[in-house]
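Given next are the chains, with one letter for each unit.
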Amino acid sequence: MQIYLPIAEVSVNIFLLLGIGGGVGLLSGIFGVGGGFLITPLLLFIGIPPGVAVATGANQVVAASVSGLLVHIRRGTVDFRMGTVMLIGGFVGSNIGIYVFELMKQAGQTELFVQFSYVFFMGAIGTMMFQESFRAIRRARSGAPPPTSRSRSRHGWAQRGPFKVKFRTSGLYISVLPPLGIGLMVGFLSATMGVGGGFILVPAMIYLLGMNTRVVVGTSLFQIIFVTAYSVMAHAITNQSVDMALAVLLIVGGVVGAQIGTVIGFRLKAEQLRILLAILVLAVSVKIGLDLVLTPSDLYSIRSVNHP
Amino acid sequence: MIRALILSLGLLAALPAVAETAAPAVPPPEQVVAGLSENQIAITATFNGSDILVFGAVKRQTPPPDGAPLQVIVTLEGPPNPVDISRKGHVWGIWINTERARVTSAPAFYAIATSGPLNQVLSQTEDLRYKITIPQAIQDTGVASQVPDGEAFINALIRIRKDQGLYVLDQGTVAVEQATLFHTDIRLPANLTEGLYKARIFLTRNGQVVDVHNTDIRVRKMGLERWLYELAKNQPPVYGLLSLVIAIAAGWLASAVFRLAKR
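Residues numbered from 1 in each chain as written. Chains lettered and ligands numbered in written order. Predicted model: local features only at pLDDT ≥ 70, side-chain atom pairs only at ≥ 80, totals over all residues.

1. Examining the overall build of chain B
- Of regular secondary structure, chain B possesses eight helices and twelve strands.
- Residue burial in chain B is summarised as follows: out of 263 residues, 32% are buried.
- In chain B, the share of contacts with a sequence separation of at least 24, taken over all contacts with a separation of at least 6, comes to 67%. (Helix = DSSP H or I, 4+ residues; strand = E, 2+ residues; numbered from the N terminus. Buried ≥ 20, exposed ≤ 12 C-beta atoms within 10 Å, placed from the backbone. Contact = placed C-beta atoms within 7 Å.)

Take a look at the structure:
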């Protein structure tokens, strides 16, 4: 059964879209990430124009993150002050990202730019996460106690900077500059890649800021909702590239998938989850990297000029 | 209606300056009378392509001439757009778009159906005059000045659109009966853009165009598709907010349902 997408102007199988939404929702439920990093490449793969894929992917991330955040608010595991500081950085980064995206579009290099961002950021994060979780698994096997990583970060660069602020929920008294910078980076990625940036935000908050792990996921979701929502608005206004029909189908599939995923997630150990997510992130970045390096099957590509 | 069209065609033919699409010298010994099964196509959410039946007859005052058989060519042309064609090159070990050429106008859709092999049905000079074949339908003036091998870019455009089912050449699919009646089906693909589609029906003998008939099909998004498209273009902030409201509502609903299910 086909559906004609009004903004993308292509006809796609409904069940394919529900399947993509469901599959990504399943993974995001298991790993507690938005899943934008999978949605955007998959949409490109089935023939959705890049602009529409990025903008609509961001809309899907909003839905997935709202669902997760509500759970965390009930449990009190959201540091609103930290989230707000990162948000301010996020808005600046988001604006830079949309501007750069427009420049790339004019230069005809949108696809290359999106691919590069993926390979670079996901390759780096995936590798870091893989190393860390691999060590954690080995430690768990040998029966050694986990290292007290908080004592290391308490004396890190985040403590020495100016404009110190107290973040009670996170248990931190640090400079506002590092959270601002991290927020900026994530805002930029959200606007250019259609991702929420959870896969960057979560490790950054744990390893760079030394935040209490308990509040990291909730705080990351809080900040992601606002940054991706802002990206959706900006794309809708400047590029008119959000496809609501596409978004609704992805969201419906994603919501169902996420619920099943959460159940599966509870049965896995934390470090097992992290290493699986690391492998997934690495696989996506390697796949996209290979597309850049290997000789393409078609050297030519076409784009209608009045099309998003 | 058809009579009025024929009349206006006859009038156009009387003007010598109108050479592009008007009928050749008056009065043509054989005239085409044609119709389409539809002249409105609605793109709704479930739009999955459409078949257009093109049918007609040849009207004569005198018996048909001997010699070469009568042939029919049907073309259907979608709204023209400028198109950017990019070619990847190998730079520092990766493949990136290195060259780009802009075609001033290429139809979003172009189908051509004939009653026989194209090279027998249509002469090259007539093709140039009426712009019937796919390469003729693309206005590629200026491409040669943008890239050294403009023809390769045009060929790539045609190849990609053929693969997408947007450019179609069907030879021998127009059925002609007793040199008088003809009909053919033209398939419109699911990935259609909206606009005015121009249909042309040519009668040829010996590769020469004897008569031509023009008509239009209006392709338009309808219902929900129309509403969303208009909203996205005319009220971007409202559209963006609505997208967000849907996303937030869906997220909240999922969380609420999940909480109920756990109890």
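Having put the structure on the table, let's press on.
2. Here we look at the environment of Thr228 of chain A
- Along the chain, Thr228 of chain A turns up in helix 10 (residues 213–238).
- Look at Thr228 of chain A and you get buried, because 33 C-beta atoms sit within 10 Å.

3. Some remarks on the domain arrangement of chain B
Residue and element names in this part refer to chain B.
- Segmentation of chain B into domains returns domain 1 (2–221) and domain 2 (223–263).
- Counting from both sides, the interface comprises four residues of domain 1 and, opposite them, five residues of domain 2.
- A class-by-class count of the residues in the side of domain 1 that touches domain 2 yields two nonpolar, one polar and one charged. (Domains from an automatic or database assignment. Nonpolar A, V, L, I, M, F, W, Y, C, P; charged D, E, K, R; others polar.)

4. As for helix 4 (residues 80–106) of chain A
- With 27 residues, helix 4 of chain A extends 38 Å between its outermost C-alpha atoms, agreeing within 8% with the 39 Å of an ideal straight helix rising 1.5 Å per residue.
- For helix 4 of chain A, the complete set of buried residues consists of Met82, Gly83, Val85, Met86, Leu87, Gly89, Gly90, Gly93, Ser94, Gly97, Ile98 and Phe101 of chain A. (Expected span 1.5 Å × (residues − 1).)

5. Re the interface of chain B and chain A
- On the side of chain A, 46 residues touch chain B, which itself brings 47 residues to the contact.
- Going through the elements one at a time, strand 5 (80–91), strand 6 (94–107), helix 6 (150–163), helix 7 (223–234) and helix 8 (236–262) of chain B are the ones with two or more residues in the side of chain B that touches chain A.
- Sort the elements by how many residues they give to the side of chain B that touches chain A and helix 8 of chain B lands first, with 15 residues.
- Class assignment of the residues belonging to the side of chain B that touches chain A gives a composition of 28 nonpolar, twelve polar and seven charged.
- Sheet topology note: the strand 5 (residues 300–304) of chain A/strand 5 of chain B ladder contains five bridges and is antiparallel. Across the sheet, Arg303 of chain A pairs through a bridge with Asp84 of chain B, a residue of strand 5 of chain B. (Pairing = 2+ DSSP bridges.)

6. Focus: the environment of Ser37 of chain B
All names here are of chain B.
- Mapped onto the elements, Ser37 comes out in the loop between strand 1 (30–36) and strand 2 (40–43).
- Residue classification places Ser37 among the partly exposed residues on the basis of 14 C-beta atoms within 10 Å.
- Separated by 15 residues in sequence, Ser37 and Ile52 have C-alpha atoms that sit 5.9 Å apart.
- Ser37 has contacts with Ile52 and Leu53, leaving out every residue within four places of it along the chain.

7. A few points about the sheet that holds strand 4 (residues 71–77) of chain B
All names here are of chain B.
- Pairing is mixed across the open sheet formed by six strands, whose spatial order is 2-12-11-4-7-8. Edge positions in the sheet fall to strand 2 and strand 8 (167–170), since each has one partner strand and no second. Averaged over all pairs of adjacent strands, the angle between their axes in this sheet comes to 15 degrees, without regard to strand direction.
- Note: strand 11 (residues 195–205) against strand 12 (residues 208–221), eleven bridges, orientation antiparallel. When the bridges of strand 12 are listed, Gly195 appears paired with Val219. (Axes fitted to C-alpha atoms, helices over the stretch in contact; angles between N-to-C directions.)

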